[in-house]
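If you want the building blocks of each chain, they are given just below.
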Amino acid sequence: MTAVSPSEPAAPSPAQRRVSQRIGSIAESATLAVDAKAKALKAAGKPVIGFGAGEPDFPTPDYVVEAAIAACSRPAMHRYTPAGGLPVLKEAIVAKTARDSGLTVTPAQVLVTNGGKQAVYEAFATLLDPGDEVLVPAPYWTTYPEAIRLAGGVPVPVVADEDSDYLVTVEQLEAARTERTKVLLFVSPSNPTGAVYPPEQVEAIGRWALEAGLWVLTDEIYEHLTYGGATAPSMPVVVPELVDRCVVVNGVAKTYAMTGWRVGWVVGPTDVVKAATNLQSHATSNVANVSQAAAVAALTGDLSAVDEMRTAFDRRRKTIVSMLREIPGVACPEPQGAFYVYPSVKGLLGHPINGRTASTSAELAELLLEQAEVAVVPGEAFGTPGYVRMSYALGDDDLVEGVSRLQRLLGSAG
């Protein structure tokens, strides 16, 4: 019988472990945490201005809300419906995909999910076996690595910085590829940077992935939010040979200001979608029927709502970039899509700011919240310390006031 050294406490038995290692290792969503803290401070009477959440400040269009109200009175909507989505919504997604990106699919290639996050998770869970590697361009949205790890995969960051406008190259991707690489994650427009890959680079990366025999998961949730003539073509349309090894995730949250309705989807090869549907049948079953009815109205309506939002976001984009560039120590590339800026704040670190010194962007974010009552998300959440993410999906007056506070606080840093 082997004695246990007093300096080496016995490992807890399974019954003693209160939380599984798999779930215990998950980090809280930093973006939601910052948003929750900002809202709590506002509720306590603090004049906090939050740049944290990626959420349009516009209401959901009236015709979408009316469709949901009508659905509430239909008894069929009070019952279980197919786990993979209402047939009418699948048809609407098929038509919308052809209309907006030029990709032709069938209803059997569509799975309706509880928001974009479930779409991302279920896609990775369906594609990955333990140890499979996923190339993840960084800065990345905070949920991607966690979803990959939950699926047993290994996220492999491929970092781009402000010098390249946060766009990774084929050469960087090839250098990161190993015999364990299975999937390339591709996101354009990007959260958190707002970067948009030009069509020729989309094609170059797609053809590299094809030649390397990789799968591609492309997140197109910000497809309609591009500015200054930028476009965001769908990779399987630009490189049609990839269609059988490409999964597209999308949703209504950003385009139609429907973040709280929780409707996303997966589009992909029929065998992958069928497997992901089987997973969902045990995880959540169908998405709430009233939300699905609202999504049908959104997708079958016109895009005038998004046109209005895009005009406002473009105005705010120009304002926030201009104002941030006036702050010494801040370098802010101009985003071409989504509704985020991702300025470098490396020039502020290690310098006194109103009697305090931040050595990391996480510490700087805390300082900004305490001394300027402005909430931002530190770059640590997105895999690149030394930066902060700021959403400009908030009212014009709040945006100007919030950045003005930063200018006043940070203008004397150094």
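Position numbers for residues count from 1 along each chain, tracking the sequence in the order it is written. Where totals are concerned, whole chains, interfaces and linings use all residues; where local detail is concerned, this predicted model gives features only for residues with pLDDT of at least 70, and gives and counts side-chain atom pairs only at 80 or more. The side-chain numbers reported here are obtained from all heavy atoms of the structure, hydrogens and water having been left aside.

As annotated in an unreviewed UniProt entry, the protein carries the name Aminotransferase and is attributed to Geodermatophilus normandii. UniProt positions are given in the numbering used here, feature names are shortened, and annotations may be inferred rather than shown by experiment. Taken from UniProt, the Cofactor (unreviewed entry) comment for the protein reads in full: "pyridoxal 5'-phosphate". Its UniProt record gives the protein the following Sequence similarities (unreviewed entry) comment, quoted word for word: "Belongs to the class-I pyridoxal-phosphate-dependent aminotransferase family."

Visitor: Looking at this structure, I do not really get the pairing of strand 3 (residues 133–138). What am I missing?
Guide: One face of the sheet, then the other: side chains in a regular strand alternate in exactly this way. Within strand 3, 6 of the 6 residues are buried, which leaves it mostly tucked inside the rest of the structure. For every residue, the accessible area obtained with a 1.4 Å probe (protein chains only) is divided by the maximum for its type, and the residue is called buried under 20%, exposed over 50%, and partly exposed between those limits. By the criteria applied, helices consist of DSSP H or I runs no shorter than four residues and strands consist of E runs no shorter than two, each listed in order from the N terminus. Every second residue of strand 3 is oriented toward a common face, with Glu133, Leu135 and Pro137 on one face and Val134, Val136 and Ala138 on the other, all of them buried. Remark: the strand 3/helix 6 (residues 143–150)/strand 4 (residues 154–159) crossover connection has right-handed handedness. Where strand 3 meets strand 5 (residues 181–187), 3 bridges bridge the pair, whose relative direction is parallel. Opposite valine 134, over in strand 5, you have valine 183 as the bridge partner. For crossovers, right-handed means that the path from the first strand over the helix to the second runs clockwise, given strands pointing away from the viewer. We call two strands paired when DSSP finds no fewer than two bridges between them.

Visitor: I tried to follow the sheet that holds strand 9 (residues 340–341) on my own but got confused; where do I start?
Guide: Within a sheet, each strand pairs with its neighbour through backbone hydrogen bonds, oriented either parallel or antiparallel. Read from one edge to the other, the open sheet built from 3 strands follows the order 9-14-13, with strand pairing classed as antiparallel. Where the open sheet ends on each side, the last strands, each with one partner, are strand 9 and strand 13 (377–378). By the bridge criterion, 2 bridges tie strand 9 to strand 14 (residues 388–391) in an arrangement that is antiparallel. Within strand 14, the residue paired with valine 341 across the bridge is methionine 390.

Visitor: How do you make sense of the packing of helix 4 (residues 87–101) against helix 11 (residues 289–300) when you look at a structure like this?
Guide: Between two packed helices, both the angle of their axes relative to each other and the distance between the axes serve to describe the pair. Two elements in contact, helix 4 and helix 11, have axes whose closest approach is 9 Å; the angle formed by their N-to-C orientations is 30 degrees. Here helix 4 lies roughly parallel to helix 11, going by the angle between them. Helix-helix and strand crossings are classified by hand; for helix 4 and helix 11 the assignment is left-handed. Contact residues: Val88, Leu89, Ala92, Ile93, Lys96 and Arg99 in helix 4; Gln292, Ala295, Val296, Leu299 and Thr300 in helix 11. Of the residues contributing to the contact of helix 4 with helix 11, the split by class is 7 nonpolar, 2 polar and 2 charged. Orientation is described by lines fitted to C-alpha atoms, with helices fitted over the stretch in contact, and by angles between N-to-C directions that extend from 0 to 180 degrees. Should an angle lie under 35 degrees it is considered roughly parallel, over 145 roughly antiparallel, and from 65 to 115 roughly perpendicular; all remaining angles are considered oblique. Crossings are assigned a handedness: left-handed for a near helix turned anticlockwise from the far helix by less than a right angle, right-handed for a clockwise turn. It only takes one pair of heavy atoms within 4.5 Å for two residues to be counted as in contact. Charged residues are taken to be Asp, Glu, Lys and Arg, nonpolar residues to be Ala, Val, Leu, Ile, Met, Phe, Trp, Tyr, Cys and Pro, and polar residues to be all remaining types, Gly included.

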